[in-house]
Amino acid sequence: MREFLVEIVTTVPEGTVQEEVDRRRAAEAVRARELAADGRLSRLWRPVGEKRSLGIWRGEDEAELYKNVLDTLPLRPWMAFTVTPLEAHPNDPGA
């Protein structure tokens, strides 16, 4: 599987009731744990003081990543993604 850097910005629509937000966020946490267990979500960060997330996600290709991973997130209707395919760097100290 390939790795992708994914930036996620979630914008809750104006007028959404808090119960709906809470329900989706709880479901999102469950789905993230499932995707991590499946090896699809490797790491996830939130930049200090910001509402966006940055993560390392895995998929066969970008289309498959969207279809079987990102589009399955409960908050997906409220999310915007920036997806960057990654490849190993010859000077990666982790290699």
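Not measured: the values here are computed from a predicted model. (Residues numbered from 1 in each chain as written. Predicted model: local features only at pLDDT ≥ 70, side-chain atom pairs only at ≥ 80, totals over all residues. Heavy atoms only, no water.)

(A) The overall build of the chain, seen in detail. Looking only at helices and strands, the chain features two helices and four strands. Start at the N end of the chain and walk to the C end: the helices and strands fall as β-α-β-β-α-β. Overall, the chain is about 50 × 30 × 20 Å in size when its C-alpha atoms are taken along their principal axes. Long-range pairs, those at least 24 residues apart, make up 65% of the contacts in the chain with a sequence separation of at least 6. Summed over its atoms, the accessible surface of the chain is roughly 6,400 Å², and 51% of this surface lies on carbon and sulfur atoms. Here the chain contributes 14 positive and 17 negative side-chain charges, whose respective centroids are spaced 3 Å apart. (Helix = DSSP H or I, 4+ residues; strand = E, 2+ residues; numbered from the N terminus. Contact = heavy atoms within 4.5 Å. Areas by Shrake-Rupley, 256 points an atom, 1.4 Å probe, with all protein chains shown as cover. Lys, Arg positive; Asp, Glu negative; His and termini not counted. Charge placed at Lys NZ, Arg CZ, Asp CG, Glu CD.)

(B) Region of the structure containing the packing of aromatic side chains. Summed over the entire model, instances satisfying the criterion amount to one aromatic pair. Between Tyr-66 and Phe-81 the ring centres are 5.9 Å apart and the planes differ by 80°, which places this aromatic pair in the edge-to-face class. With a gap of 15 residues between them, Tyr-66 in helix α2 (residues 62-68) and Phe-81 in strand β4 (residues 79-86) connect regions that are remote in the sequence. Using a relative accessible area of 22% as the deciding quantity, one classes Tyr-66 as partly exposed. Relative accessible area serves as the criterion here: at 14%, Phe-81 is assigned to the buried category. Across from the ring centre of Trp-78, 4.7 Å away, lies the NZ or CZ of Arg-24, which sits over that ring. (Phe/Tyr/Trp six-rings, centres within 6.5 Å; stacked < 30°, edge-to-face > 60°. Buried < 20%, exposed > 50% of the residue type's maximum accessible area, 1.4 Å probe, protein only. Lys NZ or Arg CZ within 6 Å of the ring centre and 35° of its normal.)

(C) How the structure looks around the sheet that holds strand β2 (residues 41-45). With respect to topology, four strands assemble into an open sheet ordered β2-β3-β1-β4, the strand pairing being antiparallel. Both outer strands of the open sheet, β2 and β4, are each paired with one neighbouring strand and no more. Going from strand to strand, the sheet's axes swing by 20° on average, the running direction of each strand aside. Taken together, the four bridges between β2 and strand β3 (residues 52-59) define a ladder with antiparallel strand orientation. Paired with Leu-41 across the bridge in β3 is Trp-57. (Pairing = 2+ DSSP bridges. Axes fitted to C-alpha atoms, helices over the stretch in contact; angles between N-to-C directions.)

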